[in-house]
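Read off the chains here:
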Amino acid sequence: SSSLPLCASTRVTIIGAGKVGSTLAQRIAEKNLADVVLLDIVAGMPQGIALDLTQARGIEQHDCRIIGTNDYVDTANSDIVVITAGIPRKPGMTRDDLMRTNAQIVVEAVQRSIAHSPNAILIVVTNPLDVMTYLAWQASGIPSNRVMGMAGVLDSARFQSFIAMELGVAITDITTTVLGGHGDLMVPLPRYSTVSGVPITEIMEPETIDRLIKRTRNGGAEIVELMRTGSAYFAPASATCLMVESILYNQSRVVPTCAYLQGEYGLNDIYVGVPSRLGCAGVESIVELNLSEAELSALHISAESVRQNVHQAKEMLAAV
Ligand code: TXD
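Residues numbered from 1 in each chain as written. Predicted model: local features only at pLDDT ≥ 70, side-chain atom pairs only at ≥ 80, totals over all residues. Heavy atoms only, no water.

## What to know about the overall build of the protein
Moving on, step 1. Of regular secondary structure, the protein possesses 10 helices and 14 strands.
Moving on, step 2. In terms of C-alpha radius of gyration, the protein reaches 19 Å, essentially the compact-globule figure of 20 Å for 320 residues.
Moving on, step 3. Taking the principal axes of the C-alpha coordinates as reference, the protein spans close to 65 × 50 × 40 Å.
Moving on, step 4. Counting only residues that meet the buried cut, the protein has 48% of its 320 residues in that class. (Helix = DSSP H or I, 4+ residues; strand = E, 2+ residues; numbered from the N terminus. Rg over C-alpha atoms; globule rule 2.2 N^0.38 Å. Buried < 20%, exposed > 50% of the residue type's maximum accessible area, 1.4 Å probe, protein only.)

This is the structure:
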């Protein structure tokens, strides 16, 4: 045994070591951001992934520890907990079945994580995203600024990449904003999407913009259609990693985040995607854009559908 004191290193726990969870673990470790604990219900699987990632350390040249486990005790004192646990839709399963099952998984994961890491910031990834984020916040008992969901960073990255492909300009010169729920009703904002500061509405035909918006809304489905088994995970893991990094390094990045609203945009007691400043306190502020009537009404329609689904999910949980 060593006489040196044990130093606590920054630690990110990922609940669910599936496609998104394991890819996120790789990104966090290889960017040298934090130690990673990967937890899954499948015995041996997170341990195997952790060992595999650990064996790449000498090649990738980082010194993050990666732990795989089936026991919440090993997640203790995490700075951030990311929830990716859930089941995909299986044949014969309705959307409701999926929502009920994932709601139970997310609520349990949050309660057990927070019991061991009471000061953690929670980032929810499991679908249906906005509903799961609301349930996670309620189950957590922690302030709403410390609970958020990942969707807008991904949706706006998709919009960004489609604009780059269309115009043939550098992706780094393009900034995009997509608000609202993570679904068909998401609200891409062309007026707030720019190429080196110039709104795309000034340089693209309305029909072209509409086509790219449609492809953005369909971004996840297009990949599922191609892959046949499973859904997107590289871009989702990158998007989640950006949020993790902004929080751990207190970068105050302003990115679309599924955040709790208390009057902003005329919406109350709801989790939905809005531009938020992410730092060490979690969601540090919500940026209120000066939306047109049409944009605001699209956001309200999206939020209303999230609200209905939250209501339905709560009834399902109560009936269990
Ligand atoms: O933008 C977004 N928010 C999303 C959301 C982008 C991509 C993926 N999105 C959703 O994330 C997707 O619809 C799923 O609900 C989650 C995770 O997607 P992933 O592709 O990683 O799914 P996998 O590979 O099926 O991984 C899920 C893992 C799997 O290993 C299960 O064994 C595990 O979750 N699982 C659990 N872990 C811990 N505890 C419990 N109870 C549990 N149940 C399942």
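After presenting the structure, the write-up continues.
## A closer look at the side chain of Asp130
Moving on, step 1. Structurally, Asp130 is set in helix α5 (residues 129-140).
Moving on, step 2. Here His182 takes part through its backbone nitrogen, which lies 2.8 Å from a polar atom of the side chain of Asp130.
Moving on, step 3. Not counting residues up to four positions away in its chain, the partners in contact with Asp130 are Gly180, Gly181, His182, Cys258, Tyr271, Val272, Gly273 and Val306. (Polar contact = N/O pair within 3.5 Å; in protein donor to acceptor, adjacent residues only side chain to side chain. Contact = heavy atoms within 4.5 Å.)

## Quick notes on the site of the ligand
Moving on, step 1. The environment of the ligand is made up of 23 residues, and the closest members are Lys19, Val20, Asp40, Val125 and Met150.
Moving on, step 2. Contacts to the ligand include Gly86, whose backbone N or O atom sits 3.4 Å from an oxygen atom.
Moving on, step 3. Interatomic distance of 3.1 Å between a side-chain N/O atom of His182 and an oxygen atom of the ligand.
Moving on, step 4. Out of a free accessible area of 870 Å², the ligand has 85% covered by protein chains.
Moving on, step 5. In the shell around the ligand, the residues fall into 14 nonpolar, 7 polar and 2 charged. (Near = heavy atom within 4 Å. Areas by Shrake-Rupley, 256 points an atom, 1.4 Å probe, with all protein chains shown as cover. Nonpolar A, V, L, I, M, F, W, Y, C, P; charged D, E, K, R; others polar.)

## Observations concerning the packing of aromatic side chains
Moving on, step 1. The tally for this structure, following the rule as stated, stands at 6 aromatic pairs.
Moving on, step 2. Between the aromatic rings of Trp137 and Tyr271, the centroid separation amounts to 6.1 Å while the plane-to-plane angle is 55 degrees, which identifies the pairing as tilted. Residue Trp137 is found in helix α5, and its partner Tyr271 is found in strand β13 (residues 268-279); the two are separated by 134 residues along the sequence.
Moving on, step 3. Relative accessible area serves as the criterion here: at 0%, Tyr271 is assigned to the buried category.
Moving on, step 4. Here the aromatic cluster, defined as three or more aromatic residues joined through ring pairs, consists of Tyr134, Trp137, Tyr260 and Tyr271. (Phe/Tyr/Trp six-rings, centres within 6.5 Å; stacked < 30°, edge-to-face > 60°.)

## Examining the nonpolar core
Moving on, step 1. Among the nonpolar cores identified, the biggest contains 82 residues, and Ile14, Ile28, Val82 and Ile123 are the most heavily contacted of them.
Moving on, step 2. Among all residues touching Ile14, those that are not within four sequence positions of it are Gly21, Leu24, Ala25, Ile28, Val36, Val37, Leu38, Leu39, Val82 and Thr84.
Moving on, step 3. Counting residues in each nonpolar core, the second largest holds 13 residues, with Phe162, Val195, Ile200 and Met204 among its members. (Core = buried A, V, L, I, M, F, W, Y, C linked by side-chain atoms within 4.5 Å.)

## Some words on helix α9 (residues 234-248)
Moving on, step 1. Counted at 1.5 Å a residue, the expected span for α9 with its 15 residues is 21 Å, and the 21 Å between its end C-alpha atoms agrees.
Moving on, step 2. Those residues of α9 that fall on the buried side of the exposure criterion are Pro236, Ala237, Ala239, Thr240, Cys241, Met243, Val244, Glu245, Ser246 and Ile247.
Moving on, step 3. Downstream of α9 by a residue or two, Asn250 has a phi angle that is positive, lying close to 50 degrees. (Expected span 1.5 Å × (residues − 1).)

## As for the sheet that holds strand β7 (residues 174-175)
Moving on, step 1. Reading across from one edge, β7-β10-β11 is the order of the 3 strands in this open sheet, with antiparallel pairing throughout. Edge positions in the open sheet fall to β7 and β11 (198-199), since each of these has one partner strand only.
Moving on, step 2. Both strand β10 (residues 194-195) and β11 contribute to a ladder of 2 bridges, which runs antiparallel. Directly across from Val195, in β11, lies its bridge partner Val198. (Pairing = 2+ DSSP bridges.)

## So, unusual backbone geometry
Moving on, step 1. Between Asn127 and the following residue, Pro128, the backbone shows a cis peptide bond with an omega angle of -10 degrees.
Moving on, step 2. Tracing the chain through its elements places Pro128 in the loop between β5 (121-124) and α5.
Moving on, step 3. For Asn250, which is not glycine, the phi dihedral falls at a positive 50 degrees.
Moving on, step 4. Position of Asn250 among the secondary structure elements: in the loop between α9 and β12 (253-262).

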